[in-house]
Protein chains: 2
Amino acid sequence: MSQTPRILRINTKDRSYRFEEPGKYAGMGGRGLTSRLILDEVPADVHPLSASNKLVASIGLLSGTGAANSGRISVGGKSPLTGTIKESNSGGSFCTKLARLNILALVLEDKPEPGAPFCNIVLTKDGVRFEDAGDMTGMGTYAAMDAIAERHGKKACGMVIGPAGEACLTAASIQFSDPWGRPARAAGRGGLGAVMGSKKVKAIVLDDEGGARFGYADEEAFKTASKRWAEMLRAHPVTGQGLPGFGTAVLVNIINEAGAFPTKNFRTGRCDHAARISGETIAEFIEKRGGKTKEGCHPGCIIQCSQNYVDEKGGYVTSGFEYETVWAFGGNALIQDIDAIARLDRACDDLGVDTIETGNAVAIAMDGGVIPWGDGEAALKLLYRMADKNDHLGKIMGSGVGFAAQAFGVDRVPTVKNQSLPAYDPRSAKGIGVTYATTTMGADHTAGYAICQNMLQVGGHVNPLGKEGQVETSKALQVATATVDALGLCLFVAFAVLDTADSVQCICDMVSARHGITFTPDDFVKLGTSVLKDEIAFNTKAGFTAADDQLPAFFSTEPLAPHNTVWDFTVEELQQAKV
Amino acid sequence: MSQTPRILRINTKDRSYRFEEPGKYAGMGGRGLTSRLILDEVPADVHPLSASNKLVASIGLLSGTGAANSGRISVGGKSPLTGTIKESNSGGSFCTKLARLNILALVLEDKPEPGAPFCNIVLTKDGVRFEDAGDMTGMGTYAAMDAIAERHGKKACGMVIGPAGEACLTAASIQFSDPWGRPARAAGRGGLGAVMGSKKVKAIVLDDEGGARFGYADEEAFKTASKRWAEMLRAHPVTGQGLPGFGTAVLVNIINEAGAFPTKNFRTGRCDHAARISGETIAEFIEKRGGKTKEGCHPGCIIQCSQNYVDEKGGYVTSGFEYETVWAFGGNALIQDIDAIARLDRACDDLGVDTIETGNAVAIAMDGGVIPWGDGEAALKLLYRMADKNDHLGKIMGSGVGFAAQAFGVDRVPTVKNQSLPAYDPRSAKGIGVTYATTTMGADHTAGYAICQNMLQVGGHVNPLGKEGQVETSKALQVATATVDALGLCLFVAFAVLDTADSVQCICDMVSARHGITFTPDDFVKLGTSVLKDEIAFNTKAGFTAADDQLPAFFSTEPLAPHNTVWDFTVEELQQAKV
């Protein structure tokens, strides 16, 4: 029998909690819920580390069901990195277990006095316990997850911060247990780990023993739709073959070939050593060494783009080894050794920092002469300085690209709203540039992944070097993505959705059957639009205007090889990408 | 015979230079010229440390004449700290000597390749020389000024950066020789020292041997007006007695008594130990120890608010020991020992950082637990870490309040446009709060010093705790200040000007007689308005909007003792303060 999931509010100052009926938030989930709640309850002008900010983790509208790839957890708050509203979602087991505990969302509120100790928050079917985390303070997330397993059993899963989050650094991530208990999945972008750190919470531990699966308003209808849904994902060449075969790093060769692979802090669009760091090479190494080329990041994932990357002796190094990470360290910071990059990925997860922001901060450190270009060992040492809370170079490295550039006197700062640009140069993939500039999140490829149309021939084709069609493409994707994020679905379903005629109807059928409503393709668009409008409303109240929806000036003045194109959208043109 | 002063453009990349006729800049000077030239020639969206930014130093319309207190040098550029246009003016001998070399303004353009060495630029009546500054790299400004004196004689004066400017840190100042050759005068605010550092210029050295005074279009008329001008300044109780007697630190007791002395990172408006750090105490110590209580910061100064502060053995410690500095270290960072504060002032000058930004960054370090509250010795050690270019805590301390707060996870960040609030709490001196919020410069008391009307009964009286009249007062002051800054006059003439019926006419008479034009009180207002419009135009192009003209949220939610008032202006009300 289906219960109505509840909202759990936790006061981190007095360590009290209460369960609430969803009330006005009934029928919402994922990014839809996190953004609405932040808009409603967090004054837009407050400091992101102040007691008035909140950290919300919400399951999606399809989470906790048998729908394939529906187990993404959305984390929201006011971002310490960008000052905007932020939703960052992650795989891992957390979302599914939260659903089994009948919790729609948990909300961390207020903050303890300065100097207060860290705590863990333990959720079971019997309620909430606060436990001292003094012995876990300063731990990397791998050690922290081991400590959690020791204390709460191997089935318990965690949402945890590393030393960077404890220090409230603005590139701090929140790491989540993957199905093997490794903290390799991250709500990486926007520094939400710093918000968790400011509230002195080291980990939230879920033990769903005795929890129950959600019921369905119409179980038969759900099964029919979800079966079709799984077929669709298995049938598409990207979700059925490319991602399972090579992980997201399959993009290295594709994007490099297209001349949109930002190299040496965005100086050129092609990297000579791309083949050494490609998804194909990664897969070859893993197979040769006895790792695993495909794993799901959360229960119910059938795309299986994750992996178990092992060293030459077959020992586990990292998982969730994404294209973005490989690019940031390998392309933008010129590190040629894929094993070194894997260790850097592991270090980011362990220290609890976003790999995009931090890989690119390493490129800034290289640009500023702090370490040599391409030196992976030096980069690793630089990152591990974050492990010492009194190391101030560590603080700089954990605070993102804009901060590092200011510290090192570097004038080449590829950010939007202080968030580092991801792995596609906007001069030769202009659709994604429109997304970087105009999304509510700061530069973020996942907010409207126009690489589909610009590079991958998914969902049609838009010439990546021209302006035509880019704004419309980005806008439509931004809306659809907001819906996908509200549903708790993995963004990668979009590849299949964009290319399959009945895909949106199929998703709608699942939502309808789960919730006992009539959810139509029109509602699908309305949901995403509504989420974006909430986020824009928050950002407007926080002082953001059209003038902030811009790329740095150098993209407009420096042509990018090999296509020698520049960024050339006006403020007015870009505003058309907003709902 | 009067020559037309020229504009000197220096290309810092290829070390070339050219003199130009003023052309469209004829009849402009000081802040009027720096802001117009930056608006005309610097793309508003470029990075402040990029080759496209320029650093302009301009004499005022009355500089180089016999008018009392007309020797302020205006320095302008796009600010690395705020991202806005910036004018920061300074005393010292530079302005007068530049005038004697018949130079209206010098403009540093372009920038050398990464890794290029620092140079000095030497200006004499015979032209421009570039000399290697390798041996001066890393020097504090005191040592640098000694090196300049040794190389170019004691009469040569300098515009110089310290280690902070060399490292392009955003709180870096530009220090100027005072009439005794000490680098104790500063264009402190907005990080213009970092712009000079990015162009790899350690010092600009002036040797005006053989230069000539400007002539006057009507010498007799000028003499008559300038005599009246000097009388006026001598007659006013603030410019004739208060400032010469006790320096600007005379304000410590006044502002503290008024409950507007921000204490412990803006937590309260009164400081228990104010008497220990007051202007009266400073004067008493100086007299007892054999220093000097009054000195002019530039040739022709008759207000004499500077001093020669000495230690217990009578040895020189610092000069230009301002109220703002005493407050930042003494009130906001709770340091009770005035000798320690004097050493901190000296350290800021020597390292080349703004004392307001840096004193308050020390308060942030205390708030973040880096050093104990009130510990002057620890603060001094913290600052001197900037002397080591590889010390990253030093980099944090030299990058201002916003940066330090981000590094140390502090959520209490009293800045506007990332510039630290100065020494008057806007909750109990609301007129200055309007200036902080709305000036083109980021939080800046000198841009519209409503303390006159709020606290000092100069130029009328406006209740500091109420809203009535504040916007109008701030706006009128912002206009008048822009004119004063364009004329090259010391801002402190405003005390006399506001209270003296024929003061503006007297200034106009001097301008008319100097330039052979008819400059009226109406032109006086038009000039300031025009300067502000230029600056607003630049900031608008750089992406600033009304939403940026705000104080941090905590000023609106935390009442300030002893008056328990909060900041309560709306965005719309504040916009009325803009021209």
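Residues numbered from 1 in each chain as written. Chains lettered and ligands numbered in written order. Predicted model: local features only at pLDDT ≥ 70, side-chain atom pairs only at ≥ 80, totals over all residues.

With respect to the overall build of chain A
Note the cut-off: Numbered from the N terminus, helices here are DSSP runs of H or I no shorter than four residues, and strands are runs of E no shorter than two. Burial is judged by counting other C-beta atoms within 10 Å of a residue's own C-beta: 20 or more means buried, 12 or fewer means exposed, and anything between counts as partly exposed, with every C-beta placed from the backbone. Contact criterion: two residues are in contact if their C-beta atoms, reconstructed from the backbone, are within 7 Å.
Across its full length, chain A carries 23 helices and 17 strands. Looking at chain A as a whole, 65% of its 579 residues are labelled buried. In chain A, once contacts between residues fewer than 6 apart in sequence are set aside, the share between residues at least 24 apart is 71%.

Structural notes on the nonpolar core
Applied cut-off: The term nonpolar core refers to a group of buried residues, namely Ala, Val, Leu, Ile, Met, Phe, Trp, Tyr and Cys, whose C-beta atoms join them within 7 Å.
Judged by nonpolar contacts, the single largest core of 190 residues is most densely connected at A365, A404 and M510 of chain A. With eight residues, the single largest contributor to this core is helix α18 (residues 470-487) of chain A. Sequence-distant contacts of A404 of chain A, that is, excluding residues within four places in its chain, are made with A361, I364, A365, I396, M397 and S399 of chain A. One finds L108, C168, A480 and L551 of chain B within the second-largest nonpolar core, a separate group that totals 189 residues.

Considerations on the pairing of strand β7 (residues 119-124) of chain A
Residues and elements named next belong to chain A. In plain terms, the rule: Each pair of strands is called paired provided DSSP finds at least two bridges between the two strands.
Of all six residues making up β7, five are buried, and the element is well covered by its neighbours. The turn joining β7 and strand β8 (residues 127-132), which pair antiparallel and follow one another in sequence, is formed by two residues. Relative to strand β12 (residues 201-206), β7 runs parallel, the two sharing five bridges. In the sheet register, V122 faces β12, and the bridge partner there is V205.

Brief notes about the interface of chain A and chain B
Test applied: When residues are sorted by character, Ala, Val, Leu, Ile, Met, Phe, Trp, Tyr, Cys and Pro go into the nonpolar class, Asp, Glu, Lys and Arg into the charged class, and all the rest, Gly among them, into the polar class.
Across the contact, 27 residues belong to chain A and 27 residues belong to chain B. Looking at the side of chain A that touches chain B, the elements with two or more residues in it are α14 (392-397) and α15 (400-408) of chain A. If one sorts the elements of the side of chain A that touches chain B by residue count, α14 of chain A sits on top with four residues. Taken together, the residues that form the side of chain A that touches chain B break down as 12 nonpolar, 11 polar and four charged.

What about the sheet that holds strand β15 (residues 316-318) of chain A?
Residue and element names in this part refer to chain A. As a reminder, the rule being used: In this analysis an axis means a line fitted to C-alpha atoms, helices contributing only their contacting stretch, and an angle means the value between N-to-C directions, from 0 to 180 degrees.
Taken in spatial order, the three strands make up an open sheet running β13-β14-β15, and their pairing is antiparallel. Edge positions in the sheet fall to β13 (292-295) and β15, since each of these pairs with one other strand and no more. Strand-to-strand, the axes of this sheet are offset by a mean angle of 40°, without reference to chain direction. In terms of strand pairing, β13 meets strand β14 (residues 306-310) through two bridges, oriented antiparallel. When the bridges of β14 are listed, E295 appears paired with S306. Running at roughly 60° to β14, helix α9 (residues 279-289) makes contact with β13 and β14 of the sheet.

A few points about the relation of the copies chain A and chain B
We apply this condition: All copies are superposed by least squares; the fitting set is the C-alpha atoms of residues with a pLDDT of at least 70 in both.
Least-squares fitting of chain A to chain B yields an RMSD of 0.0 Å, with the transformation described by 0.0 Å of translation along the axis and a rotation of 180°. Each copy turns onto its partner about a two-fold axis. Across chain A, the rotation axis passes nearest the C-alpha of H392 of chain A, at a separation of 2.7 Å.

Structural notes on the packing of helix α6 (residues 219-235) of chain A against helix α20 (residues 503-515) of chain A
All names here are of chain A. Counted only if it meets this: Handedness of a helix crossing follows the sense of rotation of the near helix relative to the far helix, less than a right angle counterclockwise being left-handed and clockwise being right-handed.
At a minimum axis separation of 8 Å, α6 and α20 run at an interaxial angle of 150°. Note that α6 runs across α20; the crossing there is left-handed. Facing α6, whose interface residues are A221, F222, A225, S226, R228, W229 and M232, α20 presents S503, C506, D509, M510, A513 and R514. Broken down by class, the residue content of the contact of α6 with α20 amounts to eight nonpolar, two polar and three charged.

A word on the domain arrangement of chain A
Residue and element names in this part refer to chain A. Just so we agree on the cut-off: Where each domain starts and ends follows an automatic or database-derived domain assignment.
Assigned domains of chain A: these are domain 1 (6-206) and domain 2 (246-422). Computed from C-alpha atoms alone, the centre-to-centre distance between domain 1 and domain 2 is 25 Å. If you look at the interface, domain 1 gives 40 residues, while domain 2 gives 33 residues. Elements represented by at least two residues in the side of domain 1 that touches domain 2 include exactly α2 (94-100), α3 (141-152), α4 (163-166) and β11 (185-187). The element best represented in the side of domain 1 that touches domain 2 is α4, accounting for three residues. In terms of residue class, the side of domain 1 that touches domain 2 is built from 15 nonpolar, 21 polar and four charged.

Quick word on the sheet that holds strand β12 (residues 201-206) of chain B
Pairing between the strands of a sheet comes from backbone hydrogen bonds, and it takes one of two forms, parallel or antiparallel. Residues and elements named next belong to chain B. Spatial ordering of the open sheet is given by β8-β7-β12-β9-β10-β11, a layout of six strands whose pairing is mixed. Only two strands of the sheet have a single neighbouring strand rather than two, namely β8 (127-132) and β11 (185-187). Across the sheet, the mean angle separating the axes of adjacent strands is 20° when strand polarity is ignored.

Digging into the packing of helix α10 (residues 323-332) of chain B against helix α11 (residues 338-351) of chain B
All names here are of chain B. What counts, and what does not: Between 65 and 115 degrees an angle is taken as roughly perpendicular, under 35 as roughly parallel, over 145 as roughly antiparallel, and anywhere else as oblique.
Viewed as axis vectors pointing N to C, α10 and α11 meet at an angle of 120°, and their least axial separation amounts to 10 Å. Taken together, the axis directions place α10 and α11 in an arrangement best described as oblique. Viewed along their axes, α10 and α11 form a crossing whose handedness is right-handed. Of the residues in α11, those in contact with T325, V326, F329 and G330 of α10 are I341, L344 and D345.

Observations regarding the confidence of the model for chain A
The criterion, for reference: By definition, pLDDT measures how confident the predictor is in each residue, and it falls between 0 and 100.
Residue-level pLDDT values for chain A average 96, and 99% of them are 70 or greater. Taken together, the chains of this predicted complex give a pTM of 0.95 and an interface ipTM of 0.92.

Overview of helix α10 (residues 323-332) of chain A
All names here are of chain A. Where burial is concerned, most of α10 is hidden: 10 out of the 10 residues are buried. Buried within α10 are the following residues: Y323, E324, T325, V326, W327, A328, F329, G330, G331 and N332. In this structure, the buried side of α10 is in contact with α8 (251-257), α11 (338-351), α12 (355-367) and α13 (376-384). In the stretch just after α10, L334 is the one whose phi turns positive, near 65°.

Description of helix α1 (residues 30-41) of chain A
All names here are of chain A. Where we set the bar: Multiply 1.5 Å by the residue count of a helix minus one, and that product is the helix's expected span.
In this model α1 runs 17 Å from its N-terminal to its C-terminal C-alpha over 12 residues, within 8% of the 16 Å that 1.5 Å per residue would give. When you tally the buried positions in α1, you get nine out of 12 residues, the bulk of the element. Buried residues in α1 make contact with β3 (55-58), β4 (73-78), β5 (85-90), β6 (103-109), α18 and α21 (521-541).

Description of the pairing of strand β6 (residues 103-109) of chain B
All names here are of chain B. Burial runs high along β6: seven of the seven residues are buried. Relative to β6, strand β1 (residues 6-11) runs parallel, the two sharing six bridges. Pairing of I7 across the sheet is with A105, part of β6. The pairing of strand β3 (residues 55-58) with β6 spans four bridges and is antiparallel. Note on β6: the bridge partner recorded for L55 is L108.

Let's talk about the environment of L233 of chain B
Within the secondary structure layout, L233 of chain B lies in helix α6 (residues 219-235). Taking the C-alpha atoms as reference points, L233 of chain B and S503 of chain B, separated by 270 residues in sequence, lie 9.6 Å from one another.

Notes on unusual backbone geometry
The omega torsion across A561 of chain A and P562 of chain A is 5°, close enough to zero to call that bond cis. The phi dihedral of K417 of chain B falls on the positive side, at around 55°, and the residue is not glycine. Turning to its location among the elements, K417 of chain B is positioned in the loop between β16 (415-416) and β17 (419-420). Exposure remark for K417 of chain B: the 24 C-beta atoms within 10 Å place this residue in the buried category.

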